[in-house]
Every structure is written in structure tokens, then in C-alpha cells.
Amino acid sequence: MSLIDDTRALSASGPICDACLGRPVADRSFGLTNAERGRALRTTLALADDEPYAEPDACWVCEGLCERFDDLAVRAIDALGETELYTYQVGSRVPPLLEENDRLLRVDAGFEPDAGEDIGSELNREVGRRIGRRLGIEVDFHRPDVQFLVDIEADEIDVQRNSVSIYGRYRKLERDIPQTEWDKFDESVEELVAPPFLSAFRGTDAIFHGAGREDVDALMLGSGRPFVLEIKEPRRRMVDLDELRAAVNEGTDGKVEIEGLAFATHEMIGRVKEHDASKTYRATVDFIDAVDQASFDTAIEALEGAKVEQRTPNRVDHRRADLIRERTVLGIEGSLIDEYTATVEVHGEGGLYIKELVSGDEGRTEPSLSALLGVGASVSALDVVDVKGVEEPFLLPEFRLDPEGTPVTASDAASTDGTVGK
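First things first, this report covers the structure right here in the doc. Just so you know, the residues in each chain are numbered from 1, in the order the chain's sequence is written. Given that the model is predicted, a residue must reach a pLDDT of at least 70 before its local features are reported, and side-chain atom pairs must reach 80 or more before they are shown or counted; all residues, however, enter totals for whole chains, interfaces and linings. As a rule here, side-chain values cover all heavy atoms of the structure and leave hydrogens and water aside.

What to know about the overall build of the protein chain
As a reminder, the rule being used: In this description a helix means any DSSP run of H or I spanning at least four residues, a strand means any run of E spanning at least two, and both kinds are numbered starting from the N terminus. We take the radius of gyration over the C-alpha atoms and set the globule estimate at 2.2 Å times the residue count to the 0.38 power. For every residue, the accessible area (1.4 Å probe, protein chains only) is compared with the maximum for its type, and the residue is labelled buried under 20%, exposed over 50%, or partly exposed between those bounds. Accessible surface is estimated by sampling points in the Shrake-Rupley manner with a 1.4 Å probe; for residues, cover comes only from the protein chains shown. Neither His nor the chain termini are counted; the positive set is Lys and Arg, and the negative set is Asp and Glu. Here the site of a charge means atom NZ of a Lys, CZ of an Arg, CG of an Asp or CD of a Glu.
Tallying secondary structure elements over the protein chain gives 12 helices and 14 strands in all. Taken over C-alpha atoms, the radius of gyration comes to 32 Å for the protein chain, far larger than the 22 Å a tight globule of 422 residues would show. Its C-alpha atoms put the protein chain at 110 × 40 × 35 Å along the principal axes. In the protein chain, which comprises 422 residues, the proportion classed as buried is 49%. When the accessible surface of the protein chain is summed, it comes to about 20100 Å², and 47% of that surface belongs to carbon and sulfur atoms. Both charge centroids of the protein chain, one from 48 positive and one from 87 negative side chains, sit 1 Å from each other.

Details of the environment of Asp78
Within the secondary structure, Asp78 sits in helix H4 (residues 69–80). Each C-alpha atom, one on Asp78 and one on Ile157, is 9.7 Å from the other, the two residues being 79 residues apart in sequence.

Considerations on the packing of aromatic side chains
Threshold: Working definition: a ring pair exists when centres of Phe, Tyr or Trp rings (six-membered ring for Trp) sit within 6.5 Å. Plane angles under 30 degrees give stacked, over 60 give edge-to-face, the rest tilted.
If you walk through the whole model with that rule in mind, you get six aromatic pairs. Aromatic side chains Phe201 and Phe263 sit 6.2 Å apart centroid to centroid with 85° between the ring planes, which places their arrangement in the edge-to-face category. Of this pair, Phe201 sits in helix H7 (residues 189–201) while Phe263 sits in strand E8 (residues 256–264), placing them 62 residues apart in sequence. Comparing Phe201 with Phe263 shows no difference in burial state: the two are buried. Seen from their ring centres, Phe208 and Phe227 are 4.9 Å apart, and the 10° between their planes marks the pair as stacked.

Observations concerning the packing of H7 against helix H8 (residues 241–251)
Rules: Helix axes are fitted to C-alpha atoms over the stretch in contact, other axes to C-alpha atoms as well, and angles between N-to-C directions run from 0 to 180 degrees. The scheme is simple: roughly parallel for angles under 35 degrees, roughly antiparallel for over 145, roughly perpendicular for 65 to 115, oblique for anything else. Left-handed is the label given to a crossing in which the near helix is rotated counterclockwise from the far helix by less than a right angle, and right-handed is the label when the rotation is clockwise. In this description, contact between two residues means that some pair of their heavy atoms is separated by no more than 4.5 Å. Throughout this entry, Asp, Glu, Lys and Arg are counted as charged residues, while Ala, Val, Leu, Ile, Met, Phe, Trp, Tyr, Cys and Pro are counted as nonpolar. The remaining residues, Gly among them, count as polar.
Direction vectors running N to C along H7 and H8 enclose 140°, while the axes themselves pass 9 Å from each other. In terms of their interaxial angle, H7 and H8 are classed as oblique. Between H7 and H8 lies a crossing of right-handed hand. Residues Leu192, Val193, Pro196, Phe197, Ala200 and Phe201 of H7 pack against Leu244, Ala247 and Val248 of H8. Of the residues that constitute the contact of H7 with H8, the class distribution is nine nonpolar, no polar and no charged.

Here we look at the packing of helix H1 (residues 3–11) against helix H3 (residues 34–49)
Helix-helix packing: each pair is described by the crossing angle between the helix axes and the interaxial distance. At a closest axis distance of 10 Å, the pairing of H1 and H3 adopts a crossing angle of 105°. In this view, H1 runs roughly perpendicular relative to H3, as classed from their interaxial angle. Contacts from Leu3, Ile4, Thr7, Arg8 and Ser11 in H1 reach Leu41, Thr44, Leu45, Ala48 and Asp49 in H3. Across the contact of H1 with H3, the residue classes break down as five nonpolar, three polar and two charged.

With respect to H1
Definition in use: The directions from the helix axis to the C-beta atoms are what the arc is built from.
Of the residues making up H1, those classed as buried are Asp6, Thr7 and Leu10. Down the axis of H1, the sector holding all buried residues measures 100°, keeping them to one side. The secondary structure elements touched by the buried residues of H1 are helix H2 (18–22), H3 and helix H5 (96–108).

A word on a positive patch on the surface
Test applied: Here, patches come from residues exposed beyond 30% relative accessible area and free of salt bridges, joined within 9 Å for like charges and within 5 Å for nonpolar side chains (Val, Leu, Ile, Met, Phe, Trp, Tyr). By salt bridge we mean one thing: a side-chain nitrogen of Lys or Arg within 4 Å of a carboxyl oxygen of Asp or Glu.
A cluster of basic side chains, namely Lys184, Arg213, Arg319 and Arg320, defines a positive patch on the protein surface. Secondary-structure assignment places Arg319 in the loop between strand E10 (307–311) and strand E11 (324–338).

Description of the pattern of salt bridges
Per the counting criterion, the structure on display carries 38 salt bridges. The shortest N-O distance in the salt bridge between Lys172 and Glu214 comes to 3.5 Å. Note that Lys172 is positioned in strand E5 (residues 164–172) and Glu214 in the loop between strand E6 (205–210) and strand E7 (219–232), a separation of 42 residues in sequence. Residue Lys172 is classed as buried on the basis of its relative accessible area, which comes to 0%. A salt bridge links Arg225 to Glu214, with the nearest nitrogen and oxygen atoms 2.8 Å apart. Note that Arg225 is positioned in strand E7 and Glu214 in the loop between E6 and E7, a separation of 11 residues in sequence. You can call Arg225 buried: its relative accessible area is 1%. By relative accessible area, which is 7% here, Glu214 ends up buried. Within this structure, Asp70, Glu117, Arg125, Glu126, Arg129 and Arg130 form a network of salt bridges that share partners.

Here's what the structure looks like:
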């Protein structure tokens, strides 16, 4: 059949608007809207048949939906309210009756049922095009700042503001502060860091994602521990991270400091949790009995590079599976302060329990400093002094964004990991 014959067959189905007439041939002539295609087909048919040109009063296929694109775009923008955004996407729910009409139009006219474009795709594109033009923003099909859902049957437009992810590193300078909220403690790193971000981004909630966590009674020193703060439903996206860093650091009374802030992709949340990392710890060790220098040096040397088998420690077995894990001591140094006290610095694989490496945890960790010395030993103070990726930094360029979705250099970042000097 010719294009003229196709147009006759489509028009014979009943009154049909330009957009619905053009949609079955949407794969023809790039750069036209379906309404422009339909108008051209209607004009060509009128000329070919020498009949008066006339627009239909109604459309049996979309029942007037295609005439509402402008109105739906205005409603979507109104539903957005006061929201800063740079990218967007539009989705829709089209009533099954209209989808069936759209299919019957093609079948009755001799087309394949999926010829051209379906009515839902046209709705998404045309409403989206109007939103983008009015707001001066770009469409993003991966993870836009805002997603609009146009529900035709419910006559509602839902607005989802996708979260903002901020990467950084924190130092915890006082003991007995957990990383995230815990009923046993009055405050946490999360609760000290999040409020200025929530206020600045005008979000509804903030979720703290850490690259592991130190014990509650341990300090986090050095370049700090990587984290991502995820701000939910933000109404602002362009925020000065320097100002936020200063606000947090000035407002925690010296308990917590943050550095190396950078806008990051949503994928950075998974990376900060799963990226292979090694940690360096500094522990003050107390011995039950006196220890001499030679025995101490021999024990430290035996732990250098050792493969350590650790059964889930007694102190955490109530909340973690009872497993045996093998971790490597990548490096260890130590010095006796006196015959009952020592300082030990351990560089270990992620997941190595340092307190148990010292104490042996009643034989659940082998080898241990205590077992090698034949003397009871325990950690009286523990500091984490370094957390770093094993093969590459946590924050690579492909995970960095500015609020508009383009690469950016984080404030005060001394490397691609956003770390600062110790």
C-alpha cells in the first residue's frame, strides 16, 4: 500500500486527530512531531482526493489526550513547586482503553500492532519537551534530578526528586560516638554531620553511608573515613560545599570534622560500601604480666604478613553471623612503653578485628599477640589512622559530579580521592 492508501485506511477508522494519524508512521521523516506528520498526511489526502480539508471535532483513539499536552506540562511544573533542577524525565500511565484504541487503529488499517510509536511514548516525549523548553532543563534517561509521572486515569501528576549524593571523609575526634544513630548514645557522626546538609539542600531526610565503621570507643584520625551522605527529596541542588564543610566543622565542638567534599553519582553509595579497602590502626595495649623487649619483638615479627583466622568476636556475635574469616596483617609495628604497656600500629585487610588480634578472644582469633606472648593482653585505646582503597582510590573521576551532572573538582581535594593530609 502507498502512503496515501495508508492514510485512507487510518482515516476510515473514524474521527482521528493529527497526532494519532501521524503516530503509526512515526518512523518516517525524522524531525517532525506526530501531529505534524498527521497534518501533512491529512493535507496530502485532501489534495489527492480533491476534497475539502477539515480537522475532526473529536478523536476516538486518544479521546482528546493529545490536545492536552500543553496543559499537562503546565500542571507538572506547578506540581514541582519551588525546586531547583537541571535534568528531568517524564513517565506516564495511560488508561488501558486508550492503549487498546491505539492498537486497534493500526490493526484495522492493516498496520503491524507496534508500528510507529505507542501513545504512551508520545505522551512522555511531548509533555517532556514542553517542560524542558519552559524550564530550560535537559532530559536525562539515566538518573535525572526530577522524574515526573503523569497518571492520566487518576488525573494526577507525581513528582519524584531524586536524591543528592555528597562524598567526603570524616574524622571522629572523641570516643564513644557511633557512626550512625544509636539509642544508647546521645549523638552520632551522622547526627552531627547531617543537619546543615538537610537545611542547605532542603531535603526530607539524610542517610549516612560509611566505608565500614570504627568501634564506638575508637577515634577516626588521619585522612578520615570515606562516606556518602544521601539527601532525600532535595529542593535545592546547587549548594556551596565549602560553606557546608565549615558549618559542620564549626558546629560539632571539635567532636567530628569532615573534609574532601564532592558531589557524587548515586553509584558512589554502593562503591563506598563495597570497595576493597585496607585500614591502619594504632592501639594502646595493656598486658596482665610483664613483657620483655625480646619476646615482644618476636611476637610482632610473627604477626607481620600473617594470615589470621578470626571467628566472629564474642562482642559482636549477637548481631553478626558466626563465621570464620581469614584476614591478612599487611604490616605491623610496635614499641613497648613499659613492661606492661605497648603501642602497636597495624595495617590490615578490611574486616580484620584489631582488638581480637591483640587479645585472641578466648582462642577465637589465631594467631594473636596474646597467644604469641603467652600473656593476657587487651586494647585500652584504639585509633583508626588510615582508610584507603586497595587497588585504587574510593573517588574516581567517573563518580564525581557537579549539581548539573558534569565533572567537577571537589573543594580542598588533594587527590582524586578527596583526601587531605594527616
